[in-house]
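Architecture at a glance
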Amino acid sequence: DMDSRITSVPYNAYGDMSFHRHIVNTKGLSKSYRLNNCYAYAYALAQSGNDSGMAHYTSVRRDFNSLRAKDIGEKAGRDALKKLGGKKPQSGEYPVVFSGEAVQSLLGFVTASFTAKSLDDKTCLFEKDLGQKSFSELFSLTDDPFVEHSSYSRPFDGEGVDSKKTKLIHKGELSSLLTNSVYADKLNMPHTASAARGPQSELGISSSNLVVAAGDQSLEKLLSKYSKVIYITDLKGHAG
């Protein structure tokens, strides 16, 4: 109902889950915690003449009452409408702005390279960057297991070690990689309590919540800062 050009909302879903982790060993360790989350998403199709565009939006929360179906649908609808009338830009140099969702996809593609295991396996994309200022000084990235509303938060890791925040990139400098006890000892690196393990899986390393430090400019200000700008909202054909 928000716009006559929205002709269909073909895919919609709600789901929820609860999770209980309990770690016990013969040395007296006994720790447990519970997590729950719920999610909802909507896909909206916009059409105008022969032109069409589809977009989706997903909301994930720890509390069912904080999900807003109307907001989810309208966000999907607005993003679909923005895709109408799109034209291929001419070749040239343009400032590029990535949406938060696009940045999340990019980080998902390189997350494995922020681990000591990738360094030991010689697959780390940033092998020569540790301790170096290899990124923009405006960019800081933290692994934060204490984000309040995230289903990836955790009080301890897969070995039962109390969780801690880890600054991976601080003002452009790659300052740390994620470790478990094995790789911390093997490579003489700080222990970041990032062990991951399932009931039948080998001990690995995983991030919790990768948090990019906020900048000092709003999206609207960034987009209006230039006469022409490419705004990337979605990525296709990548392993995210």
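Now for a look at the structure at hand. (Residues numbered from 1 in each chain as written. Predicted model: local features only at pLDDT ≥ 70, side-chain atom pairs only at ≥ 80, totals over all residues. Heavy atoms only, no water.)

Okay, the layout of surface pockets next. Within this model, the second largest pocket holds a volume of roughly 210 Å³. Broken down by class, the residue content of the lining of the second largest pocket amounts to four nonpolar, three polar and three charged. (1 Å grid on protein atoms, 1.4 Å probe; cavity = no way out; pocket = protein on both sides within 12 Å on 5 of 7 lines; lining within 4 Å. Points joined across faces, edges and corners; volume = space filled by probe spheres on them. Nonpolar A, V, L, I, M, F, W, Y, C, P; charged D, E, K, R; others polar.)

This part is about the pattern of salt bridges. Enumeration over the complete set of coordinates arrives at nine salt bridges. As a salt-bridge pair, Arg-5 and Asp-3 come within 3.0 Å of each other at their nearest N and O atoms. When its relative accessible area of 36% is taken as the criterion, Arg-5 is described as partly exposed. Each of Lys-75, Asp-79 and Lys-82 takes part in a single network of salt bridges with overlapping partners. (Salt bridge = Lys/Arg side-chain N within 4 Å of Asp/Glu carboxyl O. Buried < 20%, exposed > 50% of the residue type's maximum accessible area, 1.4 Å probe, protein only.)

Further remarks concern helix 2 (residues 100-110). Taken together, the buried positions of helix 2 are Ala-102, Leu-107 and Val-110. Taken down its axis, helix 2 places every buried residue within 140° of arc, on the same side. Looking at the packing, one finds that the buried side of helix 2 touches strand 5 (96-98), strand 6 (141-143), strand 11 (210-212) and strand 12 (230-232). (Helix = DSSP H or I, 4+ residues; strand = E, 2+ residues; numbered from the N terminus. Arc of directions from axis to C-beta. Contact = heavy atoms within 4.5 Å.)

With that out of the way, let us pick up the nonpolar core. Counting 16 residues, the largest nonpolar core has Phe-114, Phe-126 and Leu-141 as its most contacted members. Those elements that provide at least two residues to this core are helix 2, helix 3 (116-120) and strand 7 (166-170). Those residues within four positions of Leu-141 in sequence are excluded, and the remaining contacts are Leu-107, Phe-114, Thr-166, Lys-167, Leu-168, Ile-169, Leu-210, Val-211 and Val-212. The next biggest cluster of nonpolar side chains, apart from the first, holds eight residues, and it includes Ala-46, Ala-55, Ala-80 and Leu-84. (Core = buried A, V, L, I, M, F, W, Y, C linked by side-chain atoms within 4.5 Å.)

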